[in-house]
Structure formats: structure tokens, C-alpha cells
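Geometric and topological summary
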Amino acid sequence: QVQLVESGGGVVQAGGSLSLSCTASGRTFGNYAMGWFRQAPGKEREFVAAISRNTDYADSVKGRFTISRDNAKSTISLQMNRLKPEDTAVYHCAADSYPFRSATALRSASSNYWGQGTQVTVSS
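An account of the accompanying structure is given in this report. Model, not experiment: these values are computed from the prediction. (Residues numbered from 1 in each chain as written. Predicted model: local features only at pLDDT ≥ 70, side-chain atom pairs only at ≥ 80, totals over all residues. Heavy atoms only, no water.)

Considerations on the side chain of Ser-52
By the element assignment, Ser-52 lies in the loop between strand E5 (46-51) and strand E6 (55-57). Separated by 2.8 Å, the side chain of Ser-52 and the backbone oxygen of Arg-101 make a polar contact. (Helix = DSSP H or I, 4+ residues; strand = E, 2+ residues; numbered from the N terminus. Polar contact = N/O pair within 3.5 Å; in protein donor to acceptor, adjacent residues only side chain to side chain.)

Written as C-alpha cells, this is what we have:
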């Protein structure tokens with residue numbers, strides 16, 4: 001009954017900002033790496049950002065996106081600035097299935113928990 005629910009997606013003009021949130025239920029994920037992946041139409045899902053006690057970012061978003069977490073609220077957030085049309089995708093929240101791992105572990109984790117996703121559309 002683990003559930004991850006994303007919110008905050010929408011349509012924004014290139015150069016604008018959006019903030020995504022993901023709230024977890026059914027398990028306390030304070031000791032688990034969590035983060036975000038995205039998938040554009042016709043493309044493979046790609047890693048975006050992760051957070052544990054440290055953070056990890058894809059090169060394509062480094063310097064523009066900031067990931068944070070509030071364990072008391074079982075929530076992680078993704079602040080996205082200077083958005084580009086290439087950022088258009090469905091953004092999925094993810095949580096590692098093993099505790100105490102670095103944020104970098106989420107990139108290659110094989111058994112993540114996943115949210116249903118929220119659409120982000122950046123117009124040019």
C-alpha cells in the first residue's frame with residue numbers, strides 16, 4: 001500500500017518556473033533516497049534528481065532544478081527554474097527500495113517505488 005502522489009505540473013512558457021511535489025504514504029521514507037525521473041513521448045525514462053542526505057542531479061538540469069525534502073511531511077519537492085522545451089515530459093516521483101543509500105543510488109536502482117506522474121509542458 002505504498003503510494004507516491006505527484007502534484008504541481010502544468011503548462012509554462014520557456015524560461016519560466018514550476019514546483020513539483022510528491023507525497024508518500026504507506027511507509028516512512030526518511031531513510032530512503034527519493035527523487036524524480038521524467039519521460040517524454042517516444043523517449044526512455046531518464047533520471048532527473050535525487051535526494052538522500054546528499055543530492056544528485058542529471059547534467060541537463062544541474063543549476064536549474066533544486067530538489068528538497070521534508071521528512072516530517074513525507075514530501076519531496078522539485079523546484080524547476082529556467083525551463084526549456086526539452087524539459088517537457090511526464091515527471092514521476094520515485095523512492096528507493098533499500099534504506100540508507102546515497103542519492104546516487106537512485107539512478108540505477110532496479111526496484112523503485114513509483115508515482116503515477118504529473119505532466120510538465122514547456123512552450124517555446
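Examining unusual backbone geometry
We note that Arg-82 has phi near 50°; this positive angle belongs to a residue other than glycine. Tracing the backbone through its elements, the reader meets Arg-82 in the loop between strand E8 (75-80) and strand E9 (89-99). Owing to a relative accessible area of 55%, Arg-82 belongs among the exposed residues under this scheme. Its identity as a non-glycine residue notwithstanding, Phe-100 has a phi of 70°, on the positive side. (Buried < 20%, exposed > 50% of the residue type's maximum accessible area, 1.4 Å probe, protein only.)

A closer look at the nonpolar core
Grouped together as the largest cluster of nonpolar side chains are 35 residues, with contacts concentrated most on Met-34, Trp-36, Leu-78, Met-80 and Tyr-91. Counting only elements with at least two residues in this core, the list comes to strand E3 (18-25), strand E4 (32-39), E5, strand E7 (65-70), E8, E9 and strand E11 (118-123). (Core = buried A, V, L, I, M, F, W, Y, C linked by side-chain atoms within 4.5 Å.)

Looking at empty space enclosed by the protein
Across all of its chains, the model carries 1 cavity of 30 Å³ or more by this definition. A volume near 70 Å³ is recorded for the largest cavity. Looking at the largest cavity, the residues that line it are Ala-24, Thr-28, Phe-29, Gly-30, Met-34, Arg-69, Asp-70, Asn-71, Ser-74, Thr-75 and Ile-76. Of all the elements in the fold, those that place two or more residues in the lining of the largest cavity are E7 and E8. By residue class, the composition of the lining of the largest cavity is 4 nonpolar, 5 polar and 2 charged. (1 Å grid on protein atoms, 1.4 Å probe; cavity = no way out; pocket = protein on both sides within 12 Å on 5 of 7 lines; lining within 4 Å. Points joined across faces, edges and corners; volume = space filled by probe spheres on them. Nonpolar A, V, L, I, M, F, W, Y, C, P; charged D, E, K, R; others polar.)

Observations regarding the sheet that holds E3
Strands sit in the order E1-E3-E8-E7 across an open sheet of 4 strands; the sheet is antiparallel. The open sheet has two free edges, formed respectively by strand E1 (3-7) and E7, since each of these has just one partner strand. Taking the axes of each pair of neighbouring strands and ignoring which way they run, one obtains an average angle of 15° across the sheet. Where E1 and E3 come together, 5 bridges link them in antiparallel fashion. The partner of Glu-6 across the bridge, within E3, is Cys-22. (Pairing = 2+ DSSP bridges. Axes fitted to C-alpha atoms, helices over the stretch in contact; angles between N-to-C directions.)

Details of the packing of aromatic side chains
For any two aromatic rings, the description comes down to two numbers: the centre-to-centre distance and the angle of the planes. All told, the structure shown has 4 aromatic pairs when counted by the stated rule. A ring pair is formed by Phe-29 and Tyr-32, whose centres lie 5.3 Å apart and whose planes are at 75°; its orientation type is edge-to-face. Comparing Phe-29 with Tyr-32, the two get one shared label, buried. The lysine or arginine in question, Arg-45, covers the ring of Trp-114, its NZ or CZ lying 3.7 Å from the ring centre. (Phe/Tyr/Trp six-rings, centres within 6.5 Å; stacked < 30°, edge-to-face > 60°. Lys NZ or Arg CZ within 6 Å of the ring centre and 35° of its normal.)

As for the pattern of salt bridges
Applying the stated criterion across every chain yields a total of 6 salt bridges. Between Asp-56 and Arg-107 there is a salt bridge, and its shortest N-O distance comes to 2.6 Å. Of this pair, Asp-56 sits in strand E6 while Arg-107 is found in the loop between E9 and strand E10 (113-114), placing the two residues 51 residues apart along the sequence. Residue Asp-59 pairs with Lys-62 through a salt bridge whose shortest N-O separation is 3.4 Å. Owing to a relative accessible area of 67%, Asp-59 belongs among the exposed residues under this scheme. One salt-bridge network, in which partners are shared between bridges, spans Arg-38, Glu-46, Arg-64 and Asp-87. (Salt bridge = Lys/Arg side-chain N within 4 Å of Asp/Glu carboxyl O.)

On their own, these measurements won't tell you what the molecule is for.
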